[in-house]
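Descriptive structure summary
Each chain, written out:
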4 protein chains.
Amino acid sequence: MPDTSCMGVKERYSFLDDYSEGAHPQLLEALIASNHTQETGYGNDRYSAEAKRNIRAHLGREDVGVFFVPSGTSANAISIAACLRPHEAVIAASSGHIVTRETGAVEASGHKIINVPPMNGKLTPATITKALDDNWHFPHMAKPRLVYISNATEVGTVYSREELAAIKRLCEVKDLLLFMDGARIGAALTSTRNDMTLADVLELTDIFWIGGTKNGALLGEAVVVEHAGLAQDFEFYVKQHGSLLAKSRIMGVEFAELFRGNLYFDLARRGNIAAEKMSRTIVGAGFALRAETETNQVFAILPIDLVQELQRDFTFYVWEKCDEDRAVVRLLTTWATDVAQLEKFNQTVLSWTR
Amino acid sequence: MPDTSCMGVKERYSFLDDYSEGAHPQLLEALIASNHTQETGYGNDRYSAEAKRNIRAHLGREDVGVFFVPSGTSANAISIAACLRPHEAVIAASSGHIVTRETGAVEASGHKIINVPPMNGKLTPATITKALDDNWHFPHMAKPRLVYISNATEVGTVYSREELAAIKRLCEVKDLLLFMDGARIGAALTSTRNDMTLADVLELTDIFWIGGTKNGALLGEAVVVEHAGLAQDFEFYVKQHGSLLAKSRIMGVEFAELFRGNLYFDLARRGNIAAEKMSRTIVGAGFALRAETETNQVFAILPIDLVQELQRDFTFYVWEKCDEDRAVVRLLTTWATDVAQLEKFNQTVLSWTR
Amino acid sequence: MPDTSCMGVKERYSFLDDYSEGAHPQLLEALIASNHTQETGYGNDRYSAEAKRNIRAHLGREDVGVFFVPSGTSANAISIAACLRPHEAVIAASSGHIVTRETGAVEASGHKIINVPPMNGKLTPATITKALDDNWHFPHMAKPRLVYISNATEVGTVYSREELAAIKRLCEVKDLLLFMDGARIGAALTSTRNDMTLADVLELTDIFWIGGTKNGALLGEAVVVEHAGLAQDFEFYVKQHGSLLAKSRIMGVEFAELFRGNLYFDLARRGNIAAEKMSRTIVGAGFALRAETETNQVFAILPIDLVQELQRDFTFYVWEKCDEDRAVVRLLTTWATDVAQLEKFNQTVLSWTR
Amino acid sequence: MPDTSCMGVKERYSFLDDYSEGAHPQLLEALIASNHTQETGYGNDRYSAEAKRNIRAHLGREDVGVFFVPSGTSANAISIAACLRPHEAVIAASSGHIVTRETGAVEASGHKIINVPPMNGKLTPATITKALDDNWHFPHMAKPRLVYISNATEVGTVYSREELAAIKRLCEVKDLLLFMDGARIGAALTSTRNDMTLADVLELTDIFWIGGTKNGALLGEAVVVEHAGLAQDFEFYVKQHGSLLAKSRIMGVEFAELFRGNLYFDLARRGNIAAEKMSRTIVGAGFALRAETETNQVFAILPIDLVQELQRDFTFYVWEKCDEDRAVVRLLTTWATDVAQLEKFNQTVLSWTR
């Protein structure tokens, strides 16, 4: 039995991130049900095969590569290493996860990141073009070859179909590959602002990934490789980066479950709805948002006193101070967000309404 | 419900490897029990903390670094990257896992492997000294700085305390670090040939790891870093290699369970006992072994006809042909090996006895 | 005899860069004089030994490492690789040579560059501190460990002793190494703005290099390593990067000559004086400078028509347009700048004075 | 004036290597003649252009890439980095220069070297095939993609046209690239055993290089890239590795001279002839060779007493002891080998004849 002595202290409910809980119960049950079978390892188990079939069915394409890796950092580092030659660079927003939160993993595999300022968390044809214009002096400068975007972005915003298509068109003209980090692609594609399907994403990128960790799985992200040349040797990169699990069945079971029907999207939508509820309450109570709530991240500007009162029962990031009296806080919701806790949070906010 | 249609075909029982099954039931139950709690991520969950305490208790040392990573390849690549400067090399047996089965992951992080011929799967002071003698022409040659060994080795043999101590003494004299790949350290330390404890291994190496994947866990290996300088920044390497899981609790829960008592060693011993039973049956039936069975790997020389008969009900590696009539086969057993299937295998072998 | 047919066309005189000519005649003569002796290779020749003695005499220290490499990019890439562990990053101005003109060589050896905005081409304690404040979230962010500065900077400005000392003090407090790119250190230390000696630079950095290529040598830069731990294995890095020349005598001969007396500084001063003359003429003629001329680079704002007239006889960079009528041009002078050509240039400028 | 005080001691004549002297006088004169012209840098000077034309004329092909780099290690590391994706490996003889004398430069750019035992210093279709057979377990093993050979080899032997053609045929069948290290390609192609031209080498490889350092140049090797895809971005690699010299004219001038006529081959032949003379003397005096003398390296088995007598006047490598009385010595000759010294050496040997 686990040592839970340290868990006896009063715990505050967490809105810190979207990976605080374990797996969605349906995934856990599938894991239990599969536990006794013997499977061949390293990606050749029957559950991974089913997971690939299920994902391909959602994509409407039988011929795309699907590869499971254990973490978002491995998904990004492997995908970028597979796309680039040693002298080629990737263009990313300076707020991008590969720039700010991956311990230089992209550089560790030898590649320069060309930073551009984010526009509402996003890249645009104009900012990409500016990066190309600034990186022209060959062979003295690394050659831009790949564009990295996140959807949802690090600030919770989503790309519209037209925005993504415009980037894709530019990439085709400029001979650039396009890569989407989909750690929160579920939240993006179930946003009320979204007008894309998973199949659209496939069509409008060369390679992207579907985040499991932040949407119901214990671990695992599914990298989808549309580009046949990239897909061919992709598993070598997965293995070389230490990301090909012997018991690949774990990720197989989870993704088979998430994509057999619409569970993946149902879970993501739940997180978005919780965020919207929280967001509306905050606005209704007369407080401002730092950014509009498009997915499962709420950035709210609250009085310091309210922040402190909320901190008695809840944990969340205090992003930055605005002035003497107010601070921006970041609140994350997920499929696992407790309805009663959310209600309690909202009531506390409302109790401050004048 | 999983699509099990493809599982309808008659399945053969597998002695192919030691990662065919899921988790040991006790680990799975702990995972279920822990699933609903909220934990901070990236190694800061309470289960990982308990797992570290439990492992340290087995080691008898409070001050060693313990880090969880998802795979053996990541454990090796990260540990070696942490030990070496760019111009430093690692000495390994040419049969070593890092040489033959990791897609050049060590080289991918920039380091040369100096190969030496294995002696019964092992390195010796003599073979290491030879490698040093051959790599002297500085700065034209990479500088040997690390020795990599596996226990149990890739052919199932184990190091005695004296063998390991002799290597350690040489390393100290020659200013070399010593690293042990413990993918099968459980099997090694519960071998009837073994005379070491886990604490001995700590004392006689600078860094080693405890394999979970091949001994009851769904995934995960625990890297133990005795060397304080190495331990200090080790987590950066874990993160940079994409091996720091957001839901680090999964590995925490499993290792907490494996090392609360002696479960880890009990499971490993079970695999060894099954291998010994199989091995004795084979010898008793008049067939030879290619190598003595010291852990959970059996290398047997069997008539081709017997091999074919066994293949009707079982899967295993046919390692190489000896001559027209005989082949070497490799058979692996584990904590999960089915007693009835083992008995059936043994009966088939015995039925061939003249 | 060289094919000079293509050289028959009227050639314009170049103020494009500071590496258009061959070697200073004194170096060439030394090269000729040394040509027939037999020398041991790979850094062990007698000329390299003398060059090191001569440089150390200028530094007033016998115990520092001195290493010759063929190019500025190799000097930077090797020095940075020697300073950093895989998870450590270097802080540099976004205008730094390693950021903008080395094809991602720093990233190719695995390291992240943290960009900060330049202040008059320079880093300051404030901008470095900001970079540290932004890169705190360990182990998710690469660890800042090294500060890269250029003196003279990419825009021709120089550090005062106090400016450098302030950066050094911050580095010591924050456990950062300090590295100076000295491609144009000669120009910097002979600037009328300079108040440092080469020995001061040694004292106030951990590692720096003395550029030969841009100050009279055919090729070669001398990396000076004050930090004993860094110096110990430095030659391995030089060799691994392909920068340890078999006939190391070439660089040895040149640097022995440059630092036997004050030739190195005399040559650099000549370039600065030519720039100052040009700069004063431009200002005297009523035109503005984009930046004050501190070393051998002149950034002038000239009427487009004048630019075009000058381009009939001279080549130089048109840096950027200011408006419809004016552009910024960059003009470089050196020890080899032809007095008559400079005079002709200046006369053309003066002829435009109203 | 150089400090030659340390040169006052009696110097022994060196047969240690083929880079003890400076440049061939004709190259030095060309360097002097070119010194005053202004040239654009980084490979765009007129001398490099002429050098490329001259080399292409020897090759009989206008459309191949030619790139100058300062050292053999840079030529190898850059070429191999340009040929391989991160998961791809290079096959080389275990005696190959990249294996034994380049401080792990190939591994430092991320690639595994698959070692095969040399046959008289060479690779053969059989040994390459064995390497392919041993490296099949994808994606767990790095993928063989490139074959590295040296001509002349590290032990002075040369490939016949048929030997090279057989390797090339195998490479084509197996989708492998073929790369020849030509540090001593001059000696190889002027060997009495040789039946190939430089154009043959171009036809039978994908990429190779022509060594200048060991055949009359101060520094520099010319990499010839037949494969159009490789050639396209090759200069990026040169720059990223710190090997694109600002004053590229130095290598341009030298190679323009070496390949305007047949100087390159004339110089190499001189070294071979000297070696043959020495070799015949040794055999004529009744001593054995360790290997037949095919190029400019002599491996002789001499009595220890004779070795010691020779060491009074000459330096050379004592390769290894044969028994109590005899040792293998390595003697290198070049275009610069002094006829009188060679004669003196030979006389000493002959004086031992019984």
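Residues numbered from 1 in each chain as written. Chains lettered and ligands numbered in written order. Predicted model: local features only at pLDDT ≥ 70, side-chain atom pairs only at ≥ 80, totals over all residues. Heavy atoms only, no water.

This brings us to the confidence of the model for chain A. All names here are of chain A. Here chain A averages 95 in pLDDT, and 97% of its residues register 70 or above. Counting interchain partners and residues more than four positions distant, the pLDDT-below-50 stretch residues 1–9 has 11 contacts. The ipTM assigned to the predicted complex is 0.95, against a pTM of 0.96. (pLDDT = per-residue confidence, 0-100. Contact = heavy atoms within 4.5 Å.)

So, on to the nonpolar core. Ranked by size, the top nonpolar core spans 121 residues in total, and within it Ile210 of chain A together with Ile210 of chain B carry the most contacts. Apart from residues no more than four positions distant in its own chain, isoleucine 210 of chain B is found in contact with Ile55, Gly182, Ile185, Leu198, Glu221, Ala222, Val224, Phe255, Phe259 and Tyr264 of chain B. Core analysis: the second largest hydrophobic core is formed by 120 residues, Ile55 and Leu267 of chain C together with Leu123 and Leu263 of chain D among them. (Core = buried A, V, L, I, M, F, W, Y, C linked by side-chain atoms within 4.5 Å. Buried < 20%, exposed > 50% of the residue type's maximum accessible area, 1.4 Å probe, protein only.)

Another point: the interface of chain D and chain B. Interface extent is often summarised as the accessible area lost during association of the parts. Across the boundary between the two partners, chain D contributes 19 residues, which contact 19 residues of chain B. Summing the contributions of chain D and of chain B, the shared interface buries around 1,500 Å²; its carbon and sulfur component is 47%. Per-residue buried area on chain D facing chain B is highest for Arg101, Thr103 and Lys112 of chain D; these three make up 37% of the total on that side. At the junction of chain D and chain B, the tally comes to 2 salt bridges. Linking lysine 112 of chain D and glutamate 107 of chain B is a salt bridge whose minimum nitrogen-to-oxygen distance equals 3.1 Å. Viewed at the interface, chain B and chain D are joined by 12 residue pairs in polar contact (both at pLDDT 80 or more). Mapped by element, the contributors of at least two residues to the side of chain D that touches chain B are helix H4 (97–100) and helix H5 (105–108) of chain D. Element by element, the count of residues in the side of chain D that touches chain B is highest for H4 of chain D, at 3 residues. Among the residues making up the side of chain D that touches chain B, the classes are represented as 7 nonpolar, 8 polar and 4 charged. (Buried area = accessible area lost by both parts, 1.4 Å probe. Salt bridge = Lys/Arg side-chain N within 4 Å of Asp/Glu carboxyl O. Polar contact = N/O pair within 3.5 Å; in protein donor to acceptor, adjacent residues only side chain to side chain. Helix = DSSP H or I, 4+ residues; strand = E, 2+ residues; numbered from the N terminus. Nonpolar A, V, L, I, M, F, W, Y, C, P; charged D, E, K, R; others polar.)

So, about the packing of aromatic side chains. Applying the stated criterion across every chain, the model contains 64 aromatic pairs over all chains. Between phenylalanine 68 of chain B and phenylalanine 255 of chain B, the ring centres sit 5.2 Å apart and the planes meet at 35°, which makes this aromatic pair tilted. Here phenylalanine 68 of chain B is found in strand S2 (residues 65–69), whereas its partner phenylalanine 255 of chain B is found in helix H12 (residues 249–260), with 187 residues between them in sequence. Phenylalanine 255 of chain B gets classed as buried once you look at its relative accessible area, which sits at 0%. Each ring, one from phenylalanine 234 of chain C and one from tyrosine 237 of chain C, has its centre 6.4 Å from the other, and the planes form 55°; the classification is tilted. Of this pair, phenylalanine 234 of chain C and tyrosine 237 of chain C both sit in helix H11 (residues 234–240), 3 residues apart, which is roughly one turn of that helix. Of the two residues examined, phenylalanine 234 of chain C and tyrosine 237 of chain C, each falls in the buried class. Counting every residue linked through ring pairs, the aromatic cluster contains Phe68, Phe255, Phe259, Tyr264 and Phe265 of chain A. Geometry around tyrosine 159 of chain B places lysine 122 of chain B over its ring, the cationic atom sitting 5.7 Å from the centre. (Phe/Tyr/Trp six-rings, centres within 6.5 Å; stacked < 30°, edge-to-face > 60°. Lys NZ or Arg CZ within 6 Å of the ring centre and 35° of its normal.)

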